[in-house]
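# Coordinate analysis (summary)
What follows is the residue order along each chain.
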Protein chains: 2
Amino acid sequence: MKTLAMKTLAQSKIVIVGLGLIGGSLARALSRAGCGGQITAVDRDEAQLQQALREGSIAAYALDARSACADADLVVLALPVLSIEAALGEIKPALSEHAIVTDVASVKREVAAAAARVFGKVPPRFVPGHPIAGSERSGYGAALAELFVGRKCILTPFAHTDADALAQVRELWTLCGAEVVDMAVEHHDAVLAATSHLPHLLAFALVDTLSQQGTSAEIFRYAAGGFRDFTRIASSDPTMWRDIFLSNGAATVAVLDRFLDDLKAVRQALLTQDADALFALCQRARESRGQFLEFMQAAAAKQVSQA
Amino acid sequence: MKTLAMKTLAQSKIVIVGLGLIGGSLARALSRAGCGGQITAVDRDEAQLQQALREGSIAAYALDARSACADADLVVLALPVLSIEAALGEIKPALSEHAIVTDVASVKREVAAAAARVFGKVPPRFVPGHPIAGSERSGYGAALAELFVGRKCILTPFAHTDADALAQVRELWTLCGAEVVDMAVEHHDAVLAATSHLPHLLAFALVDTLSQQGTSAEIFRYAAGGFRDFTRIASSDPTMWRDIFLSNGAATVAVLDRFLDDLKAVRQALLTQDADALFALCQRARESRGQFLEFMQAAAAKQVSQA
């Protein structure tokens, strides 16, 4: 069953709630794609909103999400996971029946649950989304028009999700240069626990462990490639990551426990000076990197050939 | 007591044993500093040696370390930690009394022990060294003349180390743009276990854990910032890293165990959804990154003012 499309994306008023790294990059990317005149941004930080307005990456702004969403056709909630529920509650009274709502959060089960709590069930025109792009920097000042180019954007629609809403959210991210793929909610959260949430958790924890040693000045002074990369990963926005770890804790612990089992074996190999096991570990990891690079090159080549 | 300096560095025949990433970068850096004509390189890979000769980063090469070292004034062993002992045994009969020997390995206790096994005690003109620079790439093809610029090079001399030998090795690395600092052997190994060996171990182990999941193709496809950085760290040379883990296992396990204790607390915070603990972790790690960046900027500013 296809709900009547009220407007095409090109005719839509787009409201971006949260003009941080992702929301700001979306505004800049859409404005570069010619849609800047359609965008209203909502944020608590008026200075950032004014900067975006001056730059022409948005056409208007508001400090109040509800009023901004009154005549919105497409609302993008670019907020930390655990701010989604309050934002949905805030805009619910203002949303027109045809309005499409999407988000950009890194955990999708919690977002779907939040939508169900606010609306009784996940509305057909609510499309959970997650662009796989980011930076250790945060805020509108760090936003980049090209942040999503060549990156994946995962949408996690439900069986009852409206086909037109899904198509328009897909078009939104395609306009920004992303490759849009659909995935089930639970699967998304498990894959991201492994590829993003656990690596970040390890980086936060390692930087914390080493910083709390009395010798932290020395640790910084002699930081070689390894630790330097970890500190970069660990400098991502704390509120965003707290929310991710709170809402995807179970999946993250599941992959953490597999990792800890493997790490126990590695620790044993260190203690027993098991040269073969240590070489095999380093060799396998290097081969995986090779496969990863091949995969990335193939993906890039595919993209060029489609361009 | 000062041993008579036979020659200054500018008059010395320099032999680099091992023309990989570090040995090759040293040759390129020294040749850029005007010392290319003094360098003989030794490697098993004749094609790499010929390339270095064509490029003028070395003046001669040999496949046999012993003959190359017969008239050497300064020998740099740019080999994995556990290849140092055999190399020292190989060149010992050829070394003149005045020859200075140094190395570049990431673990210094094992290198000192190897020298003591070969020579009865660590020779006065043997100066263990470690430039804190590297790359996930390996081999002469990845060598860079500027690899050591602005980086630390740690020397771990003993009380009986010859002052002239120490001064010349210090001059060697200063010529390459490094900032040379002295440190005790045990202290070096403990600091590097924390800043480099543990981060690399975690990267190798995580890439290995995730690659062995049935879903590794998906892991690669959706690799976000976190995992991507880990694969890069984990693609470093397996032989070099096996040797490091074998020879600095105790110090690495010591810091690994502190990390595992902290990680246990983080795991508990995930399970109990302890928002405050998770936020504090992310916040502390981000602040440490800030301190690290300030430290690096201060170090860079210091270097500019000294230039």
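Residues numbered from 1 in each chain as written. Chains lettered and ligands numbered in written order. Predicted model: local features only at pLDDT ≥ 70, side-chain atom pairs only at ≥ 80, totals over all residues.

## Some thoughts on the overall build of chain A
Rules: A helix here means a DSSP run of H or I that spans at least four residues, while a strand means a run of E at least two residues long, and both kinds are numbered starting from the N terminus. The quantity called the radius of gyration is restricted to C-alpha atoms. Its globule counterpart is 2.2 Å times the number of residues to the power 0.38. In this scheme the burial state of a residue depends on its C-beta neighbours within 10 Å: 20 or more other such atoms mean buried, 12 or fewer mean exposed, and anything in between means partly exposed; the C-beta positions come from the backbone. In this description, any two residues whose backbone-derived C-beta atoms lie within 7 Å of each other are considered to be in contact.
Along the backbone of chain A there are 12 helices and 9 strands. Against the globule reference of 19 Å for 307 residues, chain A gives a C-alpha radius of gyration of 21 Å, in line with a compact fold. Once the C-alpha set of chain A is aligned to its principal axes, its extents read approximately 70 × 45 × 40 Å. Residues counted as buried form 55% of the 307 residues belonging to chain A. Expressed as a percentage of contacts within chain A between residues at least 6 apart in sequence, the contacts between residues at least 24 apart total 75%.

## Some words on the sheet that holds strand S7 (residues 129-131) of chain A
All names here are of chain A. Counted only if it meets this: Here, a strand pair is defined by DSSP locating no fewer than two bridges between the strands. A fitted line through C-alpha atoms represents every axis, and for helices the fit uses only the stretch in contact; the resulting angles, taken between N-to-C directions, go from 0 to 180 degrees.
One open sheet holds the 3 strands; their spatial order is S7-S8-S9, and the pairing between them is mixed. Both edges of this open sheet fall to S7 and strand S9 (179-182), since each of them pairs with a single strand only. Pairs of neighbouring strands in the sheet enclose a mean axial angle of 20 degrees, with direction left out of account. The pairing of strand S8 (residues 152-155) with S9 spans 4 bridges and is classified as parallel. If you follow Lys152 over to S9, its bridge partner there is Glu179. The strands that helix H6 (residues 163-175) touches are S7, S8 and S9; relative to S8, the one it contacts most, it runs at about 165 degrees.

## Describing the confidence of the model for chain A
Where the model shows low pLDDT, its predicted coordinates should not be examined in detail. All names here are of chain A. Selection rule: Every residue is assigned a pLDDT by the predictor, reflecting its confidence on a scale from 0 to 100.
Mean pLDDT over chain A: 91, with 94% of residues reaching 70 or higher. Confidence drops under a pLDDT of 50 for residues 1-5, and excluding neighbours within four residues, the segment shows 6 contacts in the predicted structure. Reported confidences for the modelled complex are a pTM of 0.88 and an ipTM of 0.86.

## Here's the deal with the pairing of strand S5 (residues 100-103) of chain B
Residues and elements named next belong to chain B. Residues of S5 alternate between two faces, with Ile100 and Thr102 on one and Val101 and Asp103 on the opposite face, all of them buried. The sheet contact formed by strand S4 (residues 74-77) and S5 spans 4 bridges and is parallel. Pairing of Leu77 across the sheet is with Asp103, part of S5. When S5 meets strand S6 (residues 126-127), the two strands line up parallel, connected through 2 bridges.

## Here's the deal with unusual backbone geometry
Phi is positive for Gln273 of chain A, which is not a glycine, with a value near 50 degrees. Within the element layout of this structure, Gln273 of chain A appears in the loop between helix H11 (249-271) and helix H12 (275-306).

## Here's the deal with the relation of the copies chain A and chain B
The criterion, for reference: Alignment of the copies relies on least squares applied to C-alpha atoms, considering only residues that score at least 70 for pLDDT in both.
Taken as rigid bodies, chain A and chain B are interconverted by a rotation of 180 degrees and an axial shift of 0.0 Å, the fit giving an RMSD of 0.0 Å. Both copies are brought into coincidence by an operation consistent with a two-fold rotation axis. Across chain A, the smallest distance between a C-alpha and the rotation axis is recorded for Asp229 of chain A, namely 3.5 Å. Both copies present the same face, since 100% of the interface residues in chain A are matched by interface residues at the equivalent positions in chain B.

## Some remarks on the sheet that holds strand S6 (residues 126-127) of chain A
Adjacent strands of a sheet form backbone hydrogen bonds with each other and so pair up, either parallel or antiparallel. Residue and element names in this part refer to chain A. The strand order S3-S2-S1-S4-S5-S6 describes an open sheet built from 6 strands, whose pairing is parallel. Strands with a single pairing partner mark the edges of an open sheet, and in this sheet they are strand S3 (60-62) and S6. In terms of strand pairing, strand S1 (residues 14-17) meets strand S2 (residues 39-42) through 4 bridges, oriented parallel. Within S2, the residue paired with Val17 across the bridge is Val42. Against the sheet, H6 contacts strand S4 (74-77), strand S5 (100-103) and S6, and its axis sits at roughly 50 degrees relative to S5.

## A closer look at the interface of chain A and chain B
Just so we agree on the cut-off: We call Asp, Glu, Lys and Arg charged. Ala, Val, Leu, Ile, Met, Phe, Trp, Tyr, Cys and Pro are nonpolar, and the rest, Gly among them, are polar.
With 69 residues of chain A in contact, the opposing surface of chain B contributes 70 residues. When residues of the side of chain A that touches chain B are traced back to their parent elements, those giving at least two are helix H7 (185-211), helix H8 (216-221), helix H9 (225-233), helix H10 (238-247), H11 and H12 of chain A. A per-element tally of the side of chain A that touches chain B places H7 of chain A first, with 18 residues. The class makeup of the residues in the side of chain A that touches chain B is 41 nonpolar, 17 polar and 11 charged.

## With respect to the domain arrangement of chain A
Many authors give the size of an interface as the accessible area that is lost as the parts come together. Residues and elements named next belong to chain A. Put simply, the rule reads: Domain start and stop points were drawn from an automatic or database domain assignment.
One can read the domain layout of chain A as domain 1 (9-183) and domain 2 (188-272). Just the C-alpha atoms count here: the centres of domain 1 and domain 2 sit 29 Å apart. With 14 residues of domain 1 in contact, the opposing surface of domain 2 contributes 16 residues. Broken down by element, the residue count for the side of domain 1 that touches domain 2 peaks at 3 residues, all from helix H5 (residues 108-119). Grouping the constituent residues of the side of domain 1 that touches domain 2 by class yields 6 nonpolar, 4 polar and 4 charged.

## Details of helix H11 (residues 249-271) of chain B
All names here are of chain B. Worth spelling out the cut-off: In a helix, the anticipated span is given by 1.5 Å times the number of residues less one.
Its 23 residues place the ends of H11 31 Å apart at the C-alpha level, agreeing with the 33 Å of an ideal helix rising 1.5 Å per residue. All of the buried residues along H11 are Gly249, Ala251, Thr252, Val253, Val255, Leu256, Phe259, Leu263, Val266, Ala269 and Leu270. Count one or two residues on from H11 and you reach Gln273, which has phi positive near 50 degrees.

## Notes on the packing of H7 of chain A against helix H7 (residues 185-211) of chain B
Note the following rule: Orientation categories follow fixed angle ranges, with anything under 35 degrees roughly parallel, anything over 145 roughly antiparallel, 65 to 115 roughly perpendicular, and all other angles oblique. Two helices that cross are described as forming a left-handed crossing if the nearer one is turned anticlockwise from the farther one by less than a right angle, and a right-handed crossing if clockwise.
It is the contact of H7 of chain A with H7 of chain B, at a shortest axis distance of 12 Å, that shows an interaxial angle of 160 degrees. If you check the angle between H7 of chain A and H7 of chain B, you find them roughly antiparallel. For the element pair H7 of chain A and H7 of chain B, the recorded crossing hand is right-handed. From H7 of chain A, Ala194, Pro199, Leu202, Leu206 and Leu210 of chain A reach across to H7 of chain B, where they touch Ala194, Pro199, Leu202, Leu206 and Leu210 of chain B.

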